[in-house]
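# Architecture at a glance
For reference, the chains in residue letters:
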Amino acid sequence: MAMLRKNALQILLFTIFKIADALNQCSDTVYKELGDLAKRSPTYMYDAAPLCDRYLTQGWYRAGFHQIPTTAPWLTACGSLFPYWMDDTAPNNKGETKSVKVCQVGFSGPCERTHNIRMTNCGRYFVYELIPLDICSAAYCFEPDNTCVSDIPKNIEVKYHSVSWTTSTEGVRTHYDPDINLACHFDRLPDDALFYDVTWYVDDTEVLTNQTVSSNSSDVALLSGSQMVAKGKKANSMIHCVVGAVFKVGDRPCNTNSSGLFFAGIKIITPKLRIPRGGSAEAQFQFTIPFISRHSITKFRLPPPLQGVKILEHQMALFVSMYITGGPVDCTDLDRKACDVQVKAFNRTESEKYDTDDWKVIHTKKVYNRDDGDFDILDKHITLRFATGVTNGVGSKIFDSLTLQDIQVFIEETDSSWKGTYCESHTDPHMKTFDGKYYECQLDGTFVLYRNDQFEQEVQEKHHLCYPRYTYPRCSCAVAVRSGKDIFTVDICNSRTIINFPLCEDKTLNVIKKNDRYYKIIFPTGTMVEIKFISWPTQNDWQLNVDIFPSPSDVGKSSGLCGVLDGNYRNDFTRNDAAKTMDNPDHYDYHNPPNAFSESWRVKNNELNLFDESTYRNLESISNVYERVCSCKKIADDKPANIECNYGTYKNCKFVVGKKFHCMLNPEGQLRRKRDLRHIESLLSNSYERFESILEEWRPKREAIAILKTYEEAEDICLNAFQNSQPYITCKEYISDLSNTSLENCISDVMMTGDDNFTKIHIEAALEQCSVFVVLNTTFQQTEPEITNKIETFCQNNCSGHGICKDGNCTCEPDFAGSDCSFDLLGPPSITHISDFGLCDKSKETCEEITVFGKYFIENMNTNCYMKRKTYQVDGITVSTIDYEANLQERTLFEGFCPLEYTSDDHWVTEFTFNISNDGRRFTDIYFVYTYQSLCQEYQNNTGTVTFLFKDGFCYINNKCIPDGFTDEKNKCNICNRNKMKYEWSFNPDHCFIDGNCYESGDINGTNPCSACMPTISSATWSAAPD
């Protein structure tokens, strides 16, 4: 009997504990509310944001008053592809827990997969111990009890609704914070007594539940941007709402319906762009909800004696950056103007515009293909991306740091006729058009070699007698290259020595000095001009070779002596006349040149002459053709971005060898230095006289010219020279397309002149043709890499027989220098004059160097400037003297400079004396340079005695001119008072200098408001402040 009592007690205790445990599961501290109940209804079908219980956390859940259904729902019901239902009965008694079987509806049947869960009866509701499901496209079903509305709302749609404002005050600043509201619109049911339960989803996340609105259509369910941010969501999301009807507030709907997906954010309108090579297209985007930003107003009263209130307003714009894959670039405010699309918000007083379509504008950004000039486009498909920057205010945070939809950019090749071709004007001059037609142009004057009117670019060249003692042939002696309002010239006609920019307002021409005799000029389109100095065989004179390599922008648009680039040589001899007369190229040859065609491209008196600065005033800027292309380049995560802005779409990354030749500007950055202008003026005025003297010198000797050669004699001379050139033999062996043009030109020139030394020029021309073939032929580069390297590393003129060639560079013998070792170092350079006649005004420029003009200034020549610097006081007494040496820096063959080094001691003017030597033994004459400040110093030269007088109205303090009455920027207590002290600061009246700091009269002591600066009492201590 005792045993029975003990067993009964144990059973009773077990039952009590089990019921207690079950009741514990019914506590809201144990179970969690299961979300997405509106979608879990068997009547809610699979949508664009399906439920996924694979990542559900295992535990006890309550589904409100909903229960798991005991009949199988349809496949794709319950907001999921594979719904789960209960193939079992629920526990009947309160506190009872039971293990029940749940089934997955599948394609093969209503119970494709099964597992068990525990379920507890809590009286008025049930709780379920749910476990994660095996696949993501599955979810548990739950249906409400029988007290529900069977009908469902229809025509559900999410739309932008309005912008609401909240006001806050922070001291003198008032903030107006906007917030975006989205509305869930739907058709009400006929029963006016019903309410509607609305649940909001952003992407696949439930962000707002149990929002109840009445049957009154003016009662709108809203979702705000700040509510999205509170749930970790931002713009560029897919939003939808789920609506169900209920009898009373607080009920859960039995049957629900969903809206379609609404994209709230910034929509890319052009997900695909097709851009022609070197061209552009517009990327477009549009806001589907308006951009908003905090509007702040600061009001403060103006200090006495001013009256009134000053109002400052601030509202941050949104900057949308464009970048190509990788991370976005953080640009400074200044840079954003160049790189980003700026989107402004409406302020509080303009808030009515948010109710109109004013904010729905389409924003555009031009996208350019920065062409690198290669034959093949390597990156034909590029992914482009926009990203937003930071925002200000709570509501605008939904736009903070968004990444927009990718734009797929496809670069398209439109025409390939430009590939592998070039125009040339060589030696005397032998011409070749872009489309490969060879001809002669033995005419004097200035001619248009190349022109592209659409892109405002042009090349002109001058022809003259190759040398005065010969009556024939002509050579190119000057080249001018123009892009918009940029012009670069090389002019050695009539003994001139000009290599410079006479104009550079657009700053678009990229000039690379490859060596002392070789320049590359690159247009914004990628068209490239090469200019090379060619040494005359016996007289040590110079002529120019010109090659022009086209770009896709030249196809069908080029003209001039280079012809029309289109792959058809028959229209190359198109004249420069109104009728565009075309001469037949087949009717002309070496001995019958197309003179009428060439003559039509002569620059006439009423036309633009790039060598005549008086014709520059009507030039069109490149900005009329191109928009300024800007890009941000990120250096590192902890550094700001660089901005690169230029005109055109050519990306120059191939020609990295050589030095950039800069346009020299004065401190105002507008015109060339005055001293360079004087130098050029002197060259232009004197060159004709020098040329006439050379002609006069040679006239009596003309009868001594060698007898002209026969064709057979000239052919024998040229063939022998060409066959003895190992580089030429290499080219002939591997380059099957190498033409005999250079050999034929050599024979013709030797016949005309009788000069055997012409062979050197034409061998160089043949090697240049060989090198160009390799550079332009990517297939040859890939199949013959060793031969390519060998040809690309030929040395100019084979180092002139005075050096060793290695990797394309000459190592010269002692006493020789230059890129081809052709310059003799036995004597110093010949200096014709120095810049600005030896005067440099530090009031207008930095005077860091003195430019010397003459010939020749050669690379790697180790030429030194031997400098003596003297500083003087106003009375002429020497302050200091020092000697130093510095390397002469060459700019061109005809221009170099010596650096000027200064001392920090107090002095009036600085005098430099210097001469130049290649070897430290043979020197040029001595030249004098004075650096002074014309602002307060007046230069005088009385029969060779140089003085600098002190002008009235200035002080001279710390080696600077200070206007009378000016205060020291570093210390306002210092003032220039010439009547008191000319060479030191005077004390500034109405100021105090206390404890090392300067104060203005009336300034209050920061540590004692009862004391102030009162100069009438004391300028060295604080005085009692007036009442």
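As shown above, the structure is provided for reference.
Each chain carries its own residue numbering, running from 1 in the written order of its sequence. With pLDDT at 70 or above as the cut-off, local features in this predicted model cover only qualifying residues; side-chain atom pairs require 80 or more to be listed or tallied, and sums for whole chains, interfaces and linings still use all residues. The basis for every side-chain value is the complete set of non-hydrogen atoms in the structure, without hydrogens or water.

The criterion for an aromatic pair is that two Phe, Tyr or Trp rings (for Trp, the six-membered ring) have centres within 6.5 Å, with stacked assigned to planes under 30 degrees apart, edge-to-face to planes over 60 apart and tilted to the rest. Counted according to the given criterion, the structure contains 36 aromatic pairs. Arranged with centres 6.0 Å apart and planes meeting at 85°, the rings of phenylalanine 533 and tryptophan 542 form a pair that is edge-to-face. Put simply, the rings of Phe285, Phe287, Phe291, Phe386 and Phe399 touch in pairs and so form one group of aromatic residues. Only when the NZ of Lys or the CZ of Arg is both within 6 Å of the ring centre and within 35 degrees of the ring normal is a charge said to sit over the ring. For the cation-ring pair, lysine 462 lies above phenylalanine 611, with the distance from its terminal atom to the ring centre recorded as 4.7 Å. Here arginine 978 stacks its cationic end above the ring of phenylalanine 950, 4.7 Å away from the centre of that ring.

What follows concerns the sheet that holds strand β65 (residues 1018-1024). Read from one edge of the open sheet, three strands run β63-β64-β65, paired in antiparallel fashion. Strands at the two margins of the open sheet, each flanked by one partner only, are β63 (1004-1005) and β65. Here strand β64 (residues 1008-1014) runs beside β65; their pairing, made up of three bridges, is antiparallel. Residue pairing in the sheet places methionine 1014 in a bridge with serine 1018 of β65. In this description, strands pair whenever DSSP reports at least two bridges between them. A run of DSSP states H or I qualifies as a helix once it reaches four residues; a run of E qualifies as a strand once it reaches two. Both are numbered from the N-terminal end.

Nine residue types can take part in a nonpolar core, namely buried Ala, Val, Leu, Ile, Met, Phe, Trp, Tyr and Cys, and a core is a set of them joined through side-chain atoms within 4.5 Å. Think of it in three bands: with a 1.4 Å probe and only protein chains considered, a residue is buried below 20% of the maximum accessible area for its type, exposed above 50%, and partly exposed in between. Core analysis: the biggest nonpolar cluster contains 59 residues, and Phe488, Phe533 and Ile548 have the highest contact counts within it. Listing elements by their share of this core, those giving two or more residues are β29 (445-452), β31 (474-483), β32 (486-491), β33 (498-504), β35 (518-522), β36 (528-535) and β37 (542-549). Setting aside chain neighbours within four positions, we find isoleucine 548 in contact with Tyr422, Cys423, Phe434, Leu449, Tyr450, Val459, Thr527, Met528, Val529 and Cys562. Tyr196, Val202, Phe287 and Val367 belong to the second-largest nonpolar core, a separate cluster that totals 58 residues. In what follows, a contact means two residues having at least one pair of non-hydrogen atoms within 4.5 Å.

This part is about the packing of helix α6 (residues 711-723) against helix α8 (residues 741-753). For the pair α6 and α8, interaxial distance at closest approach is 8 Å and the crossing angle is 130°. Judged by the angle between their axes, α6 and α8 are oblique. The interaxial crossing formed by α6 with α8 has right-handed handedness. Across from Tyr711, Ala714, Glu715, Ile717, Cys718, Leu719 and Phe722 in α6, the residues of α8 making contact are Ser742, Leu743, Cys746, Ile747, Val750 and Met751. Lines fitted to C-alpha atoms define the axes here, with helix axes fitted over just the stretch in contact, and angles between the N-to-C directions of these axes take values from 0 to 180 degrees. Should an angle lie under 35 degrees it is considered roughly parallel, over 145 roughly antiparallel, and from 65 to 115 roughly perpendicular; all remaining angles are considered oblique. Here is the rule for handedness: rotate from the far helix to the near one, and if that takes an anticlockwise turn smaller than a right angle the crossing is left-handed, while a clockwise turn gives right-handed.

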